[in-house]
Amino acid sequence: MADYIEGKRPVIEAFRARVPLKAVYLGDFVKRDALVNDIMRKAKREGVRIDMVPRSFLDDRSERGSHQGVLAETKPYPYVGIGEIIAAADEYAAAHDGRALVVMLDHITDTGNFGAVVRSAEAVGATGLVIPNKRSVRVEASTYKTSAGAIAAMPVAQVSNLVQSIERLKKAGFWVAAATEHTDEVIWKTNLKGKIALVMGNEQEGVSRLVLEHCDLFAKLPLEGTIASLNVAQAATACMYEWLRQNTAV
């Protein structure tokens with residue numbers, strides 16, 4: 001299914017965010033103004049083709065009816081296989097004293113949280129993310145913005161079964177750690193050294209029971225205030241940096 005960005009300014013922002021674009025569609029009724037000229041310059045510079053199309057073409061593909069005579073079609077995100085992420089982790093571990101991090105997201109649905117997790121994962125040196133192919137976010141145009149462009153450098157595997165992926169990671173030498181409130185173990189006391197697959201649960205239910213049953217380690221973040229929990233992006237960032245701290249402390 002094609003992913004479209006609609007509207008003059010959003011298309012310009014897509015170019016600035018380095019969203020991979022397949023084509024820009026301009027309505028044959030659109031008047032050339034400064035924004036349209038800017039879009040055409042950017043498309044030419046990036047080698048993105050421009051097609052002149054009738055209004056009906058844009059209307060049929062517009063989800064919000066706000067295309068302003070301009071649509072950009074994004075290129076499909078190049079998902080990788082879990083094997084590629086394991087191979088990248090092994091290569092990273094060989095160059096970084098045996099440490100590697102893979103982040104697994106158990107049916108995360110909020111696109112903003114997803115982008116923020118990707119940004120933090122890239123910042124700490126994670127070698128990939130694993131997401132389910134159903135009932136989960138996917139990489140789309142907005143991810144480039146919410147991740148501040150980090151998605152362009154972050155491999156993502158979209159899998160049919162998280163449990164099977166966990167077992168593959170275990171066979172590859174990973175310890176699988178679930179961030180969950182259903183434990184007494186605080187993350188500061190959890191051994192996260194070496195090759196770790198960090199599992200984060202969704203916004204409502206956390207890590208699912210079936211996935212928890214296949215994890216090796218369980219940890220929670222301490223909460224000293226009155227707020228009952230952090231959102232998944234905040235929690236994931238704290239957990240990832242604890243992994244980094246433990247593996248780089250001298």
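These notes cover the structure that comes with them. (Residues numbered from 1 in each chain as written. Predicted model: local features only at pLDDT ≥ 70, side-chain atom pairs only at ≥ 80, totals over all residues. Heavy atoms only, no water.)

1. Observations regarding the environment of Gly128
Then step 1. Counting through the fold element by element, Gly128 comes out in strand S6 (residues 128-132).
Then step 2. Between the C-alpha atoms of Gly128 and Arg245, which are 117 residues apart in sequence, the distance is 19 Å.
Then step 3. With near-sequence residues (within four places) excluded, Gly128 lies in contact with Ile85, Leu101, Val102, Val103, Met154 and Pro155. (Helix = DSSP H or I, 4+ residues; strand = E, 2+ residues; numbered from the N terminus. Contact = heavy atoms within 4.5 Å.)

2. Describing the pattern of salt bridges
Then step 1. Across all of its chains, the model carries 14 salt bridges by this definition.
Then step 2. Measuring nitrogen to oxygen at the nearest pair gives 3.9 Å for the salt bridge that ties Glu140 to Arg138.
Then step 3. What makes Glu140 partly exposed here is its relative accessible area of 21%.
Then step 4. Overall, the relative accessible area of 35% leaves Arg138 in the partly exposed class.
Then step 5. Lys170 is the partner of Glu167 in a salt bridge, and the nearest nitrogen-oxygen pair spans 3.6 Å. In this pair, Glu167 and Lys170 are both assigned in helix H7 (residues 162-171), 3 residues apart and thus about one turn of the helix distant. (Salt bridge = Lys/Arg side-chain N within 4 Å of Asp/Glu carboxyl O. Buried < 20%, exposed > 50% of the residue type's maximum accessible area, 1.4 Å probe, protein only.)

3. Section: the sheet that holds strand S1 (residues 4-6)
Then step 1. In space, the 4 strands of this open sheet follow the order S1-S4-S2-S3, with mixed pairing throughout. Across the chains shown, the open sheet's two edge strands, defined by having one partner strand only, are S1 and strand S3 (49-53). Sheet twist, expressed as the mean angle between neighbouring strand axes with direction ignored, is 25 degrees.
Then step 2. Pairing analysis gives 5 bridges linking strand S2 (residues 21-27) to strand S4 (residues 70-74), with the strands arranged antiparallel. Bridged to Leu21 within S4 is Thr74. (Pairing = 2+ DSSP bridges. Axes fitted to C-alpha atoms, helices over the stretch in contact; angles between N-to-C directions.)

4. Focus: the packing of helix H1 (residues 8-16) against helix H2 (residues 34-46)
Then step 1. Direction vectors running N to C along H1 and H2 enclose 30 degrees, while the axes themselves pass 10 Å from each other. If you check the angle between H1 and H2, you find them roughly parallel. Read as a crossing pair, H1 and H2 show a hand that is left-handed. Seen from H1, the contacting residues are Lys8, Arg9, Val11, Ile12, Phe15 and Arg16; seen from H2, they are Leu35, Val36, Asp38, Ile39, Lys42, Ala43 and Glu46.
Then step 2. Among the residues forming the contact of H1 with H2, the class breakdown is 7 nonpolar, no polar and 6 charged. (Parallel < 35°, antiparallel > 145°, perpendicular 65-115°, else oblique. Left-handed = near helix turned anticlockwise from the far one by under 90°. Nonpolar A, V, L, I, M, F, W, Y, C, P; charged D, E, K, R; others polar.)

5. Considering the state of the cysteines
Then step 1. Taken as a whole and assessed by the stated rule, the structure comprises 0 disulfides.
Then step 2. In this model Cys215 remains outside any disulfide bridge; the closest cysteine sulfur is found in Cys239, 12 Å from its own.
Then step 3. Take Cys215: its relative accessible area is 9%, and that puts it in the buried class.
Then step 4. Residue class for Cys239 comes out buried when judged on its relative accessible area of 3%. (Disulfide = S-S within 2.5 Å.)

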